[in-house]
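Descriptive structure summary
Each chain, written out:
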Amino acid sequence: MPWFRKASLGLCGLLGMLELVSAPVEWLWPYSAGGNTHWHGNVEGNLVSLTFDDGPSRYTEMILDVLKSHQVPATFFVMGVHVERFPRTVKRMAVEGHEIGNHTYSFESKRGLFKLYFPLKAEQINRTQEIVKEIIGTAPKYFRSPGGQMGRNLWHMVRQNDLRVVNGTLPFPKPEEDVESQFKTVLRTLKPGAIIILHDGDDRHPDSDRPRSTVRLLPRLLEVLKKKEYKIVSLSELLYGDKQGTG
């Protein structure tokens, strides 16, 4: 084999290794270290935030009722395809003081490493920004990737939309598990600054009953947080100390 072909193959191999290493580093490097992603709030005191993924769904109104009765804020990371089905629910979120984040338009079918390294299309992010803005007058300022996708171009698309990446405390409760299992997971990972991830929708089956467990879990969780003297605040307050939610 000629030397220049060997050199080309070696260079391609090196670039491939750099890609495998740099993609997760780029995504996982936290804001506290000057990076991209919020995993946890940097706060003093027992402050936590509630977030909900994959909605809205027919169960979201029930969750909003619980939040209203306890007078606590949350952030809903919505999927554009579901927002189009439940625009009044999204409007209610905003009217009742909740923040709305971008969880893409609809999940793509990539699995495993393909999901981690192949980027979402810009349309997945842009379209949801536009749909939400049309309903509530402002576009989301927070973004959560489906499944923690770490595609190399994703961060650049997020920056173009002036979005801040927010993941959350891991491991999060698996929505397909029973209420007791989810409850134990939350308590096991609970600490000041926690960004709690729950689900008010189902990414692939919009009419499923998966979010029913969240409706059952939420009142119990709120009572325990109160007893443990945790204060539930918006993401803006948790991450930036901004009580007005301007970020």
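Residues numbered from 1 in each chain as written. Predicted model: local features only at pLDDT ≥ 70, side-chain atom pairs only at ≥ 80, totals over all residues. Heavy atoms only, no water.

Some thoughts on the overall build of the protein chain
Basically, it comes down to this: Labels follow the DSSP assignment, with helices taken as runs of H or I lasting at least four residues and strands as runs of E lasting at least two, numbered in each case from the N terminus. The contact rule is simple, with two residues in contact once any of their heavy atoms fall within 4.5 Å. Here the Shrake-Rupley method, with its probe set to 1.4 Å, supplies the accessible areas, and only the displayed protein chains count as covering residues.
Looking only at helices and strands, the protein chain features ten helices and eight strands. A fraction of 75% describes how many contacts in the protein chain between residues 6 or more apart in sequence connect residues 24 or more apart. Carbon and sulfur atoms make up 55% of the accessible area of the protein chain, which amounts to about 12500 Å² in all.

Observations regarding the pairing of strand 2 (residues 47–55)
The side chains of a regular strand alternate, residue by residue, between the two faces of the sheet. Stated formally: Burial status follows relative accessibility: with a 1.4 Å probe on protein chains alone, a residue under 20% of its type maximum counts as buried, one over 50% as exposed, and anything between as partly exposed. In short, DSSP must find at least two bridges between two strands for them to pair. Note on handedness: a clockwise path from strand one over the helix to strand two, with the strands aimed away from the viewer, defines a right-handed crossover.
For strand 2, a buried count of nine out of nine residues is recorded, marking the element as mostly surrounded by other parts of the structure. As paired elements, strand 2 and strand 8 (residues 231–232) share two bridges and run parallel to each other. Looking at the pairing, Val-48 lines up with Ile-232 of strand 8. In this sheet, strand 7 (residues 195–199) lies alongside strand 2 in parallel orientation, the contact comprising five bridges. From the neighbouring strand, Thr-51 faces strand 7, where its bridge partner is Ile-197. Direction of pairing for strand 2 relative to strand 3 (residues 75–78): parallel, over a ladder of four bridges. Bridge pairing links Asp-53 to Phe-77 in strand 3. Handedness of the crossover joining strand 2 and strand 3 through helix 2 (residues 60–70) is recorded here as right-handed.

Here's the deal with the packing of helix 2 against helix 9 (residues 212–227)
Rules: Here, axes are lines fitted to C-alpha atoms. For helices the fit covers the stretch in contact, and angles between N-to-C directions go from 0 to 180 degrees. By the definition adopted for this analysis, an angle is roughly parallel if under 35 degrees, roughly antiparallel if over 145, roughly perpendicular if from 65 to 115, and oblique otherwise. Crossings are classed by handedness, with left-handed meaning an anticlockwise turn of the near helix from the far one by less than a right angle and right-handed meaning a clockwise turn. In this classification, Asp, Glu, Lys and Arg are treated as charged, Ala, Val, Leu, Ile, Met, Phe, Trp, Tyr, Cys and Pro as nonpolar, and every other residue, Gly included, as polar.
In the contact formed by helix 2 and helix 9, the axes pass within 9 Å of each other and the chain directions differ by 15°. It follows from the interaxial angle that helix 2 and helix 9 lie roughly parallel. For the element pair helix 2 and helix 9, the recorded crossing hand is right-handed. Only Thr-214, Val-215, Leu-218, Pro-219, Leu-222 and Glu-223 of helix 9 make contact with helix 2, whose side of the interface consists of Met-62, Ile-63, Val-66, Leu-67 and His-70. The class makeup of the residues in the contact of helix 2 with helix 9 is eight nonpolar, two polar and one charged.

Observations concerning helix 8 (residues 179–189)
Quick reminder of the rule: When we speak of the arc, we mean the arc of directions from the helix axis to the C-beta atoms. In protein, a polar contact means a hydrogen-donor-capable atom and an acceptor-capable atom, both N or O and within 3.5 Å, with residues adjacent in sequence counting only if both atoms are side-chain atoms; elsewhere, any N or O pair within 3.5 Å suffices.
Within helix 8, burial applies to Val-179, Gln-182, Phe-183, Thr-185, Val-186 and Thr-189. Down the axis of helix 8, the sector holding all buried residues measures 160°, keeping them to one side. Residues of helix 8 that are exposed and point over 90 degrees away from its buried face: Lys-184 and Arg-188. On its buried face, helix 8 sits against strand 7 and helix 9. The N-cap of helix 8, judged by a side-chain oxygen 3.1 Å from the amide nitrogen of Glu-180 a few residues on, is Asp-178.

A short note on the environment of Val-186
Residue position: Val-186 is located in helix 8. Linking Val-186 and Pro-171, residues 15 residues apart in sequence, is a C-alpha distance of 8.4 Å. When sequence neighbours within four positions are dropped, the list of residues in contact with Val-186 reads Pro-173, Ile-196, Leu-198 and Leu-221.

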